[in-house]
Amino acid sequence: MKHAKDYLNNPRTIKLESTLDDVLKKIIDEKKSRLLVTENDKITGLVTEKDLGFFLLTDNTERKLEEIPLSEIVKKIISVDENAGLDQCANIMLKNGIGSLVVTSHNNVVGILTKTDLVRYFTKSHPGEKIVGEYMSPYYAWMYSDTPLYKVVLKMIEQKISRVILRNHDEMPVGIVTFRDLFKLALDLGRQEDVLDNTDPAISVIFPRKGFISESGFGGSTKIEEIMSRDIVSVDYDDDLAKTGKMLLDKNINGAGVLSGHGNIIGIISKTDIVKALAFLK
């Protein structure tokens, strides 16, 4: 079994005095799901794509993105020694419900280890040992593609999930929406002073971020199919788990639909599921 020091990488960082506008730009531009936060050039916290998403969609203030300090959503870091085994690291991530660990050597931060790194290790070290069906999550959140945006967002908030599969009324999957899709919309709308609302004559303008969960705002007038990604990446139930992990890495995605022999989506396989496989390997 390899150790944390064998797979750690240099973290992307952002300064504590940054705003949510800065964070969104960096996450989108660099396609990173987490950033380490520095204060006086010392790593003191962490901000993740998921935490950012939940904050953006539930914050009910009337501040624009550049007015919200990063300090409001920073989380504490959890660290491991560089000599910790990767199976131990996997268990710590699962126990704490996190996707990364700060790696230290003699109490100094030397890097970050993410679930992506653990998946990379699994793909190289355990080919042909497990199949997708053994570790997939049989439940997946879905809604119809003509559902108003605000209903989809409320489902993501209530179930604390970062992706929803979209179906047409023939029950066929036609797309997927993730936090990253909503981030792009938030970044555009967050720069505007107001947004016209055409659904309620009594309300002429609404604040952009409130609109995500507003039935009378663009959350009600926008159909989720207008912003969803139409390319649903999928794998088969019997596919090799290690090869599936490599596919997730190659496509820079966190999960894929799992298909039955009849071509129906019966679950989701994610990087977290592959981390579970690593944690429980003997």
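Residues numbered from 1 in each chain as written. Predicted model: local features only at pLDDT ≥ 70, side-chain atom pairs only at ≥ 80, totals over all residues. Heavy atoms only, no water.

Chemist: Is there a simple way to explain the packing of aromatic side chains in this structure?
Modeler: Describing an aromatic ring pair means giving the distance of the ring centres and the angle of the ring planes. If you walk through the whole model with that rule in mind, you get two aromatic pairs. Considering the side-chain rings of Tyr 7 and Tyr 121, the 5.6 Å spacing of their centres and the 80° angle between planes classify their relative orientation as edge-to-face. You can see Tyr 7 sitting in helix H1 (residues 4-7) and its partner Tyr 121 sitting in helix H5 (residues 115-125), a full 114 residues away along the chain. Each member of the pair, Tyr 7 as well as Tyr 121, carries the same accessibility label: buried. (Phe/Tyr/Trp six-rings, centres within 6.5 Å; stacked < 30°, edge-to-face > 60°. Helix = DSSP H or I, 4+ residues; strand = E, 2+ residues; numbered from the N terminus. Buried < 20%, exposed > 50% of the residue type's maximum accessible area, 1.4 Å probe, protein only.)

Chemist: Help me understand the nonpolar core, please; the structure alone is not making it clear to me.
Modeler: Counting residues in each nonpolar core, the largest one holds 36 residues, and the members touching the most others are Val 23, Leu 52, Val 164, Val 177, Leu 182 and Phe 183. Mapped onto this core, the elements with two or more residues apiece are helix H2 (20-30), strand E2 (34-39), helix H3 (49-58), helix H7 (149-159), strand E8 (163-167) and helix H8 (179-189). Apart from the residues lying within four places of it in its own chain, the contact partners of Val 164 are Ala 141, Trp 142, Met 143, Val 152, Met 156, Gly 175, Ile 176 and Val 177. Residues Ala 84, Val 119, Tyr 121 and Val 258 belong to the second largest nonpolar core, which totals 33 residues. (Core = buried A, V, L, I, M, F, W, Y, C linked by side-chain atoms within 4.5 Å. Contact = heavy atoms within 4.5 Å.)

Chemist: Explanation requested: the sheet that holds strand E14 (residues 265-270) in the structure shown.
Modeler: Through backbone hydrogen bonds, the strands of a sheet pair up, either in parallel or in antiparallel fashion. Taken in spatial order, the three strands of this open sheet run E12-E13-E14, and their pairing is mixed. Because the sheet does not close on itself, it has two edges, and the strands there are strand E12 (234-236) and E14. Direction aside, neighbouring strands of the sheet carry axes that sit 40° apart on average. When strand E13 (residues 255-259) meets E14, the two strands line up antiparallel, connected through five bridges. Each residue of the ladder has a partner; that of Gly 257, found in E14, is Ile 268. Against the sheet, helix H10 (residues 241-251) contacts E12, E13 and E14, and its axis sits at roughly 70° relative to E14. (Pairing = 2+ DSSP bridges. Axes fitted to C-alpha atoms, helices over the stretch in contact; angles between N-to-C directions.)

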